[in-house]
Amino acid sequence: YHEHFSYFSLHTLSRIFASAGLRVFDVEELATQGGSLRIYGCHGDDARAAAPAVAALLAEEEHRGLNQIAIYREFQPRADRVKNTLIAFLLEQKRGGKHVAAYGAAAKGNTLLNYAGVKPDLLPFVCDAAPSKQGKFLPGVHIPILPPAALRERRPDVVLILPWNIADEVVSQHRYVREWGGRFVVAVPELRDVA
């Protein structure tokens, strides 16, 4: 459904449009999901001129190497670094006697936890505001989903924000975690504390 995104470069989308007799005449870059494109298309023979944003983004993609295989070959090693860094962090917290909880039972976070093989021994619970998720378990990793009130009750030392694209919003809503010295972290695109 519409909440789940597929990622294409503008170069790729332009080819897809062209194969259907269409062309891209404008594009907007959005912050949604950590960076998305809103594409405006028209028939290939439409008199409308392409907006400068189209050429600018195509040039940016070329500059970043999105038309070269090398960047895609690096994708798996980057994913492995995220996974390995997360596991090392969780193990370090456990060895240090720190308690870690997660926030946000979103699909993207569950994908990460399953890929990394994180189980309840390293991450005993995840909180989510959606009542429909509470009292259930994250698929695959079987981590219980609790209401956000569990953060106040259990006072974790670290809150791993799984929907990293809305980390600032999560911190804003749960800033009280800092009252007991708790901290917020995200694992993607790299492990870091969230201010």
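Note that the coordinates shown come from a computational prediction; the quantities given were computed from them, not determined experimentally.

Caption draft 1: Just the pattern of salt bridges, in detail. Within this structure, the stated rule accounts for 5 salt bridges. In this structure, Asp-193 engages Arg-183 in a salt bridge whose closest nitrogen and oxygen atoms are separated by 2.7 Å. On the criterion of sequence distance, the pair formed by Asp-193 in strand 8 (residues 192-193) and Arg-183 in strand 7 (residues 183-186) is long-range, its members being 10 residues apart.

Caption draft 2: Focus on the pairing of strand 7. In the sheet, strand 6 (residues 158-161) pairs with strand 7 via 3 bridges, with the strands oriented parallel. Bridge pairing links Val-158 to Arg-183 in strand 7. After leaving strand 6, the chain enters helix 7 (residues 167-173) and then returns to the sheet as strand 7, a path that is right-handed. Strand direction decides the pairing type here: strand 7 and strand 8, joined by 2 bridges, are antiparallel. Bridge pairing in strand 8 places Val-186 opposite Arg-192. Remark: 5 residues form the turn of the hairpin made by strand 7 and strand 8, two consecutive strands paired antiparallel.

Caption draft 3: Region of interest: helix 2 (residues 52-63). Look at helix 2: 17 Å from first C-alpha to last across 12 residues, which is about the 16 Å you get at 1.5 Å a residue. Among the residues making up helix 2, those that are buried are Val-54, Leu-57 and Glu-61. Projected onto a plane normal to the axis of helix 2, the buried residues spread over an arc of 75 degrees and lie on a single side. For helix 2, the exposed residues set more than 90 degrees away from the buried face come down to Pro-52, Ala-55 and His-63.

Caption draft 4: View of the packing of aromatic side chains. The full count for this structure, using the stated rule, is 2 aromatic pairs. When the ring of Phe-25 is compared with that of Tyr-40, the centres are 6.1 Å apart and the planes differ by 50 degrees; the resulting orientation is tilted. Of this pair, Phe-25 sits in strand 1 (residues 22-30) while Tyr-40 sits in strand 2 (residues 36-43), and the two are 15 residues apart along the sequence. Given a relative accessible area of 28%, Tyr-40 falls into the partly exposed group. The interplanar angle of 55 degrees and the centroid separation of 6.1 Å between the aromatic rings of Tyr-176 and Trp-180 together place this pair among those described as tilted. In this structure Tyr-176 comes out as buried when scored by relative accessible area, which is 9%. Of the residues examined, Trp-180 reaches a relative accessible area of 17% and is grouped as buried. The side chain of Lys-83 reaches across the aromatic face of Tyr-115, ending 5.1 Å from its centre.

Caption draft 5: Representation of the environment of Phe-184 in the model. By secondary structure assignment, the location of Phe-184 is in strand 7. With 84 residues separating them in the primary sequence, Phe-184 and Val-100 have C-alpha atoms 9.8 Å apart. In this structure Phe-184 touches Val-159, Ile-161, Val-171, His-174, Val-177, Arg-178, Arg-192, Asp-193 and Val-194, once residues within four positions along its chain are discounted.

Caption draft 6: Up close: the sheet that holds strand 3 (residues 100-103). Strand order in the open sheet formed by 6 strands is 5-4-3-6-7-8, with mixed pairing between adjacent strands. Two strands in the sheet have a free side with no partner beyond their single neighbour: strand 5 (145-146) and strand 8. With 4 bridges joining them, strand 3 and strand 6 adopt parallel strand pairing. If you follow Ala-101 over to strand 6, its bridge partner there is Val-159.

Caption draft 7: Geometry of helix 4 (residues 75-95). Here helix 4 is 21 residues long and its end C-alpha atoms lie 30 Å apart, about the 30 Å a rise of 1.5 Å per residue gives. Among the residues making up helix 4, those that are buried are Val-82, Leu-86, Phe-89, Leu-90 and Gln-93. The arc enclosing the buried residues of helix 4, seen along the axis, measures out at 95 degrees, which places them on a common side. Positive phi appears at Gly-97, one or two residues downstream of helix 4, with a value of about 75 degrees.

Rules used throughout
Each chain has its residues counted from 1, running along the sequence as written. Two thresholds apply to this predicted model, a pLDDT of at least 70 for residue-level local features and 80 or more for giving and counting side-chain atom pairs, whereas whole-chain, interface and lining totals are computed over all residues. Side-chain measures here rest on the full set of heavy atoms in the structure, leaving out hydrogens and waters. The salt bridge definition used is simple: a Lys or Arg side-chain nitrogen within 4 Å of an Asp or Glu carboxyl oxygen. Strands here mean DSSP runs of E at least two residues long; helices mean DSSP runs of H or I at least four residues long; both are numbered from the N terminus. Any two strands with at least two DSSP bridges between them are considered paired. With its strands directed away from the observer, a crossover is right-handed exactly when the path from the first strand over the helix to the second travels clockwise. In a helix, the anticipated span is given by 1.5 Å times the number of residues less one. Relative accessibility under 20% of the residue-type maximum defines a buried residue, over 50% an exposed one, and the middle range a partly exposed one, all with a 1.4 Å probe and only protein chains included. Directions are taken from the helix axis to each C-beta atom, and the arc is the one they span. Centres within 6.5 Å are what make two rings of Phe, Tyr or Trp a pair, Trp counting through its six-membered ring; a difference in plane orientation under 30 degrees is then read as stacked, over 60 as edge-to-face, and the rest as tilted. Placement of a positive charge over a ring is assigned whenever Lys NZ or Arg CZ falls within 6 Å of the ring centre and within 35 degrees of the normal to the ring plane. Contacts are residue-level and defined by heavy atoms, with any inter-residue pair within 4.5 Å sufficient.

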